[in-house]
Every structure is written in structure tokens, then in C-alpha cells.
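So the chains spell out like this:
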There are 2 protein chains.
Amino acid sequence: MRLPKHIGIIPDGNRRWAQSNGLSKEQGYDLGLDPGLELFKLCKECGIKEITYYGFTIDNTKRSTLQRLAFTKACIDAVEMLTKEDAELLVVGNTKSNMFPKELYPYTTRRTFGKGGLKVNFLVNYGWEWDLNPIKECDETLKNIGQVIHSNDISRIDLIIRWGGRRRLSGFLPVQSIYSDFYIVEDFWPDFKRQHFFDALSWYNTQDVTLGG
Amino acid sequence: MRLPKHIGIIPDGNRRWAQSNGLSKEQGYDLGLDPGLELFKLCKECGIKEITYYGFTIDNTKRSTLQRLAFTKACIDAVEMLTKEDAELLVVGNTKSNMFPKELYPYTTRRTFGKGGLKVNFLVNYGWEWDLNPIKECDETLKNIGQVIHSNDISRIDLIIRWGGRRRLSGFLPVQSIYSDFYIVEDFWPDFKRQHFFDALSWYNTQDVTLGG
């Protein structure tokens, strides 16, 4: 079976899940933690080399304070949870804004936890335009834009899985997503099932890889 | 009904169509011309403001000479066909390479044909990295990356429709596609049906617009 080396995860639908389960929107984020850990372990078992979670974006911080605090806390908890696993962890986002949680500063250069082995990237206070900004500081001789962007330690993504039914990137790593295959799960992220992941891998296995050629 | 202002068209599957109909790969491109014109007319009738066709990319030019000549000719024919309609036409691509057909130089600044009214962009010898290159010439004060890229006269895309079943962008306008909704048609592009377009619009009407918020 042809496996993706690098999987991007867009864990969408937390708010819609909360509302359809009689909770207020901001109560949905916490329910995303266990799925995140389960997915990490599945990737580990399958031999995936790298995964990137879409935590929250600069766009997202314009939401209500209650929601912002809730998704920020969920991201902090998720990253701290992953430090207890065998992972090579990196948080990528705009640390110069006060929307970036100071608890996550220690993870903004890649660090190995436990035995390492699986690269895990977590986007926190990320913005696509912020990501591309360093290109401005380069000159014409630069050959590969991917080497200078803020997310330059995140490799090209083979497969993006998005939960919650939306069929869009929403600003997720535009350079690394150029040739990615997209797989959409209709269920909301808190309703994550192992089968979603297996279905995504099976589907990916049927796709050809052309890298635009 | 909520209509997209700007639709991106990825007319994929010409080669697979040709092969599954007993033709050689390069014979598939010509069959894409009539669908392109029919789609243009549908957009016009529905009041769409802008459409962008993915012609060919710098990546594509690495294919066999026979294929390259065939898809280049199909793009020239398509653009010339559109000059006979009421359209505001623009061809965007790397004109400095000899892969760019000289027949299309006259269209690399936007020109109005007939009564105009619908902006039509055609990507020819386009590359995402080529598109982003001008960012290198800017300084930190630049606020909006979209204003300086080579495709700066192409607006944000609301809906991308891709024929041929692949679920990927393949380098299509990364900046304008940041928040786009993707709709996939399983049929190959030469098998275009009006119903594909209506189905895409109906689906788009059920999506919310958040622009990442």
C-alpha cells in the first residue's frame, strides 16, 4: 500500500458539534483532544513520517473572546499532551502577536520527546500571509520559496484530511499544499473514528502522484 | 441563490478521456474547446463576474513534445475563440520562457472584446512559484501580497470546479485559492455537461462563507 509520508489534519466542526449536542460553541474544542491523540497513535502505528495539525489561525482570533480562550487552551493542552509521546514536536505560528500563548514558546524550535520518530507540527496563531512574509527579504537568486517561509521546517504535504464536511483549505499552508490530495470527512472532528483515517488512506492509495507534471 | 463571483475551472482528464476512447493522449486536448465555450456562455447567462481557466503549467511542459504542442495549440485556439465573445480577456503566465506561445502575447494585458462584461482569465505557462516571485522585490511595508504577484489582476476565487475526479489544486493560483470552496466532477472534461455546472452552483449555495474567520 502506498502511504502518504506527510498528512495534514484540519480538525473542523468542533463548534457545530457542540451546538448540535446542546452545548455552547466554545465547549466543542476540548472534545478535540482525544481524537488528536488517537490519530497521532494511528499515524505512529502505520509508519507515517510527519503530521501537521491545524490548530488556530490569525483569522480565528477575531472570534469572541470566550471562543478564542477556549481554542487557545485546547491547543496548549494538545501540544503538552504530545510531549508525553514519542514525537518530534514543532509549533509554528506568529509568536510576535499577543494571541500566541506564551506556554507554547518552548516548542517553536523542533524538539524530540521520548524516542521521537514521528514529526508533529502544530499550527498556532498561524496565517498564510504571515507565513509567506519572509519572501520579501529575499532577492531574485532564491530558487526555492519553501526554504525561506516561516513554515520552512514543514515538508510538502501528500494528503490533507479535513473533518466537518467543508471543502476548502482555509489558509492551511499554501506552499506545502500545492500538490496535496484532499480527503473530506463529513463527520465533525469530535466524532472522529479510526475508520475515517483508514478510509482516507485507502482512497489515497488509489490516487496517482504527478506533482503537477 | 448565492452565486460565486469568481469561478476557477480545472479542466482535467483530457488524456484519460482520449485513452478510454481509443485515441492517443495528445488527441484529448482538442475536445476541451467546445466545453470551454459552453461553460463560458453558461457563466454569462448566470451573471458570474469572473472565471479563470487552468490552461497549462510550467510543470506540464515537461511532458512529451507531442502532448506539449497539442495542449499549447488547444490553449491558443481557446483564447482566440473567446475573442469572438463578449469578454474581458487576460492571459497570465511566464512570457519570458519559450514555452509561452507568441500567438498569445497580445492578450497578456486585459482587453475587452465585444461588449465585455465577464472577466475571463486564462493561465498559460503558469507556475505557482513563478507567480509568487515578485514578492521578493517588495519590502516589509507591503501589506497585501495579492497586489504584487504576477496574477494580481485575478481576484479571490469563490468556487473551484475540477473535472476528472482528482482532489487537488495542482499549483492553481495558491493566493486566490486560499478560501475557495472545491467542487469535484468525476467525469473527464471532454464529457462536460451543463448539469455539472448547475450541480456545482447548487452545492456552493449550501456552503457558508467565513473567509477563514
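Residues numbered from 1 in each chain as written. Chains lettered and ligands numbered in written order. Predicted model: local features only at pLDDT ≥ 70, side-chain atom pairs only at ≥ 80, totals over all residues. Heavy atoms only, no water.

- An unreviewed UniProt entry lists chain A under the name Undecaprenyl diphosphate synthase, with Clostridium collagenovorans DSM 3089 given as the organism.

Notes on the relation of the copies chain A and chain B
Moving on, step 1. It takes a turn of 180° to lay chain A on chain B, together with a shift of 0.0 Å along the axis; the resulting RMSD is 0.0 Å. With respect to symmetry, the two chain copies, as superposed, fit the operation of a two-fold axis. If distances are taken from each C-alpha of chain A to the rotation axis, the shortest is found for lysine 136 of chain A, at 2.2 Å.
Moving on, step 2. Both copies present the same face, since 100% of the interface residues in chain A are matched by interface residues at the equivalent positions in chain B. (Least-squares fit on C-alpha atoms with pLDDT ≥ 70 in both. Contact = heavy atoms within 4.5 Å.)

Focus on helix α2 (residues 33-46) of chain B
Counting along an α-helix, one turn takes 3.6 residues, and residues three or four places apart therefore face a common direction.
All names here are of chain B.
Moving on, step 1. Here α2 spans 20 Å end to end across 14 residues, near enough to the 20 Å set by a 1.5 Å rise per residue.
Moving on, step 2. Among all positions of α2, only Leu33, Pro35, Gly36, Leu37, Leu39, Phe40, Leu42 and Cys43 are buried.
Moving on, step 3. Positive backbone phi, approximately 85°, marks glycine 47, located one or two places after α2. (Helix = DSSP H or I, 4+ residues; strand = E, 2+ residues; numbered from the N terminus. Expected span 1.5 Å × (residues − 1). Buried < 20%, exposed > 50% of the residue type's maximum accessible area, 1.4 Å probe, protein only.)

Looking at the sheet that holds strand β7 (residues 181-185) of chain B
All names here are of chain B.
Moving on, step 1. Taken in spatial order, the 7 strands of this open sheet run β4-β3-β5-β2-β1-β6-β7, and their pairing is mixed. Whereas interior strands pair on both sides, the edge strands pair on one side only; in this sheet they are β4 (111-113) and β7. In this sheet, neighbouring strand axes are inclined to one another by 25° on average, regardless of whether the strands run parallel or antiparallel.
Moving on, step 2. Across 5 bridges, the pairing between strand β1 (residues 6-11) and strand β6 (residues 159-163) is parallel. What sits directly across from isoleucine 7, in β6, is leucine 159.
Moving on, step 3. Sitting on the sheet, helix α5 (residues 194-205) is in contact with β1, β6 and β7, with an inclination near 150° to β7. (Pairing = 2+ DSSP bridges. Axes fitted to C-alpha atoms, helices over the stretch in contact; angles between N-to-C directions.)

Overview of the pattern of salt bridges
Moving on, step 1. Going through the model one piece at a time under the given rule, you end up with 22 salt bridges over all chains.
Moving on, step 2. One salt bridge connects aspartate 12 of chain A with arginine 162 of chain A, and the closest N-O pair in it is separated by 3.1 Å. Taken together, the residues span a long stretch of sequence, with aspartate 12 of chain A in the loop between β1 (6-11) and α1 (14-20) and arginine 162 of chain A in strand β6 (residues 159-163) at a distance of 150 residues.
Moving on, step 3. Since its relative accessible area comes to 5%, arginine 162 of chain A is described here as buried.
Moving on, step 4. For the salt bridge of aspartate 181 of chain A with arginine 168 of chain B, the shortest nitrogen-to-oxygen distance reads 2.8 Å. Residue aspartate 181 of chain A is found in strand β7 (residues 181-185), and its partner arginine 168 of chain B is found in the loop between β6 and β7; the two belong to separate chains.
Moving on, step 5. What makes aspartate 181 of chain A buried here is its relative accessible area of 3%.
Moving on, step 6. Classification of arginine 168 of chain B as buried rests on a relative accessible area of 7%. (Salt bridge = Lys/Arg side-chain N within 4 Å of Asp/Glu carboxyl O.)

A look at the packing of aromatic side chains
Moving on, step 1. Across all of its chains, the model carries 27 aromatic pairs over all chains by this definition.
Moving on, step 2. Relative to tryptophan 189 of chain A, the ring of tryptophan 163 of chain A has its centre 4.8 Å away and its plane inclined at 75°; by these criteria the two rings are edge-to-face. Of this pair, tryptophan 163 of chain A sits in strand β6 while tryptophan 189 of chain A sits in the loop between β7 and α5 (194-205), and the two are 26 residues apart along the sequence.
Moving on, step 3. According to the relative accessible area criterion, tryptophan 163 of chain A is buried, its value standing at 0%.
Moving on, step 4. Ring centres 6.3 Å apart and planes at 70° place the aromatic pair tyrosine 54 of chain B and tyrosine 126 of chain B in the edge-to-face group. Of this pair, tyrosine 54 of chain B sits in strand β2 (residues 50-57) while tyrosine 126 of chain B sits in strand β5 (residues 119-126), and the two are 72 residues apart along the sequence.
Moving on, step 5. On the accessibility criterion, tyrosine 126 of chain B (0% relative accessible area) is buried.
Moving on, step 6. A connected cluster of aromatic rings, assembled from ring pairs, spans Tyr54, Tyr126, Trp130 and Phe172 of chain A.
Moving on, step 7. The ring centre of tyrosine 204 of chain A lies 4.2 Å from the NZ or CZ of arginine 2 of chain A, which sits over that ring. (Phe/Tyr/Trp six-rings, centres within 6.5 Å; stacked < 30°, edge-to-face > 60°. Lys NZ or Arg CZ within 6 Å of the ring centre and 35° of its normal.)

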